[in-house]
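# Fold and geometry: a report
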Amino acid sequence: MTGPDGQPALELDCRGLPCPRPVIELGRHLGEVAVGEVLAVVAEDPAARADVPAWARMRGQEYLGEDAAPDGVARYQVRRLA
Amino acid sequence: MSTHTAGDRSAPPTLLDAAAGRPLHPAAREVLDAALARGWADPRALHGPGRDARLLLDNAREVVAECLGVRRDEVWFVPPADAVVRGFLGLAEARAARGARDLVVAPVEHAQVRHAAAWWTARRGGDVREAPVDRDGRVDPAALAALAAAPEVAAAALQLANHEIATTQPVADVHLPEGVDLFVDASASLGLLDLPSGPGWSAAAGCAKSWGGPAWVGLMLVRHGARWSNPLPGEPGPADAGGGLPDVAGALAAAAALRATLAERDAVDERRRRLVDRLRTTAAALPDVDLVGDPVDRLPHLLTFSCLYLPGDALVRELDREGFAVASGSACTASTLEPSHVLAAVGALTHGNVRVSLAPDVTEDEVERFCGVLPRVVDRLRAEVGL
């Protein structure tokens, strides 16, 4: 399944990780994608649905939306703006 | 005021979670003891002890009515959860005969209101319609009224102020279409904020906890002439809403606490507003903190913020170790492991959440000490995360 803007440059597998680990992983790995590229996080943690967009807002990145990984787990995508 | 040393488990922590529970107001304590001694009988009984209890209960209703600017026959003492469920759904039930089966609520309503709405609409085959809120959690009254204009809508609910993020709602500005009545959930705010005096709302609920009364005493207000029909098993009118023996002593204690709280309110809340502003400035100065709720039009005693990358449970534990009792809306602190629906509804960060709420007797020194400790705790936990 592709994201809203094609495949992300980097996808983080945070299945099974509790809140707030998926957002921590986003923070840790943002620097690994270039400005303009998309970073995705796959997470079962229900808080990620609210917290990935909130993280993007607070850190000045662009939240693109949610789709599903092939196994049905939610995947959240963020474009690096800065 | 006691001083507190970090790690000293013998000293009670400084209560910064007054919204969740606090010691009884001294006025309530005094009345409770006396009322238990005198008002133990069933106030419906015709004998002497029954008449005594009846007198006390009527007195409690009179005091509460006077405090809130409503009529005595609009005041009912019922358990707090019942006040919400029956108060709200009673308005809906009264409109069910014309086929109305949907309810309008705000997404930031207390879980009790949301559960009640889901339960009632599911039984009727209807839907819950959610009015949108802005980033502060405030409903647009016109949008709420527009949603309520659909013929399927039986009733609407709007809180007076939010229990988690303190934002007040423009209850007085809600003008619902004919045939749809407004329920106001004031469970987190009665005694702190006034209910609008106009005819705009038809039923309301309060919990004595919010004004220093017994936490088990709730208040259901059903306006004179409002169409209200008991939605749960029991007699049709509100008189029997709580079922069983009325809690005379609890009602009297709640009434005494309300009267005392309102008498002290201006001074106490002016101070708490100032101290919350001080807390807000401290939280805002921390890096990567999301401040939630309206900074001005809010409950006087409550502040919520979320710290990026930090688990809410670790924050609560670390602050407790430092001698401060705070609450959190983060998923890891909830029995459901779901994040606060209020924080999610306003687009706020749900992890690393801290809710601070000040008791009326909070001291300047307690708040200052917290403002000194908070940055250290956040720094320490952030260092562990490495971000």
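Below is a short write-up of the structure.

## A closer look at the interface of chain B and chain A
- Contact with chain B, which involves 19 residues of that partner, is made by 15 residues of chain A.
- Buried surface at the junction of chain B and chain A, summed over both partners, amounts to about 1400 Å²; 64% is from carbon and sulfur atoms.
- Three residues stand out in chain B for area buried against chain A, namely Tyr309, His351 and Leu387 of chain B, and they jointly supply 32% of the buried area on that side.
- Scanning the region where chain B abuts chain A turns up two salt bridges.
- A salt bridge links aspartate 288 of chain B to arginine 59 of chain A, with the nearest nitrogen and oxygen atoms 2.7 Å apart.
- Applying the counting rule to chain B against chain A returns seven residue pairs in polar contact (both at pLDDT 80 or more).
- Of the residues assigned to the side of chain B that touches chain A, the class counts are 12 nonpolar, three polar and four charged.

## Thoughts on the layout of surface pockets
All names here are of chain B.
- One number sums up the size of the largest pocket: a volume of about 1000 Å³.
- Along the wall of the largest pocket there are 43 residues; nearest its centre are His110, Ala111, His163, Glu164 and Arg355.
- Listing elements by their share of the lining of the largest pocket, those giving two or more residues are α3 (80-95), α4 (111-124), β10 (302-307) and β12 (353-357).
- With four residues, the top contributor of residues to the lining of the largest pocket is α4.
- When the residues that make up the lining of the largest pocket are grouped by side-chain class, the tally is 17 nonpolar, 18 polar and eight charged.
- Both domains that furnish three or more residues to the lining of the largest pocket are identified here as domain 1 (14-23 + 265-385) and domain 2 (26-259).

## Examining the sheet that holds strand β2 (residues 75-78) of chain B
All names here are of chain B.
- The strand order across the open sheet built from seven strands is β2-β8-β7-β6-β5-β3-β4, with neighbouring strands paired in mixed fashion. Each end of this open sheet is capped by a strand with a single partner; those strands are β2 and β4 (128-130). Across the sheet, the axes of successive neighbouring strands diverge by a mean angle of 20°, strand direction being ignored.
- In this structure, strand β6 (residues 181-185) lies alongside strand β7 (residues 203-207), joined through three bridges in parallel fashion.

## A few points about the packing of aromatic side chains
All names here are of chain B.
- This model, assessed by the stated rule, comprises two aromatic pairs over all chains.
- Relative to phenylalanine 183, the ring of phenylalanine 88 lies with its centre 5.4 Å away and its plane at 20°, an arrangement referred to as stacked. With phenylalanine 88 in helix α3 and phenylalanine 183 in strand β6, this pair connects stretches of sequence that are 95 residues apart. For the pair phenylalanine 88 and phenylalanine 183, a shared accessibility class is recorded, and that class is buried.
- Here the aromatic rings of phenylalanine 324 and phenylalanine 370 are separated by 5.2 Å at their centres, their planes lie at 75°, and the arrangement is edge-to-face. In this pair, phenylalanine 324 is assigned in strand β11 (residues 324-325) and phenylalanine 370 in helix α9 (residues 364-385), connecting sequence segments 46 residues apart.

Cut-offs applied
- Residues numbered from 1 in each chain as written.
- Chains lettered and ligands numbered in written order.
- Predicted model: local features only at pLDDT ≥ 70, side-chain atom pairs only at ≥ 80, totals over all residues.
- Heavy atoms only, no water.
- Contact = heavy atoms within 4.5 Å.
- Buried area = accessible area lost by both parts, 1.4 Å probe.
- Salt bridge = Lys/Arg side-chain N within 4 Å of Asp/Glu carboxyl O.
- Polar contact = N/O pair within 3.5 Å; in protein donor to acceptor, adjacent residues only side chain to side chain.
- Nonpolar A, V, L, I, M, F, W, Y, C, P; charged D, E, K, R; others polar.
- 1 Å grid on protein atoms, 1.4 Å probe; cavity = no way out; pocket = protein on both sides within 12 Å on 5 of 7 lines; lining within 4 Å.
- Points joined across faces, edges and corners; volume = space filled by probe spheres on them.
- Helix = DSSP H or I, 4+ residues; strand = E, 2+ residues; numbered from the N terminus.
- Domains from an automatic or database assignment.
- Pairing = 2+ DSSP bridges.
- Axes fitted to C-alpha atoms, helices over the stretch in contact; angles between N-to-C directions.
- Phe/Tyr/Trp six-rings, centres within 6.5 Å; stacked < 30°, edge-to-face > 60°.
- Buried < 20%, exposed > 50% of the residue type's maximum accessible area, 1.4 Å probe, protein only.

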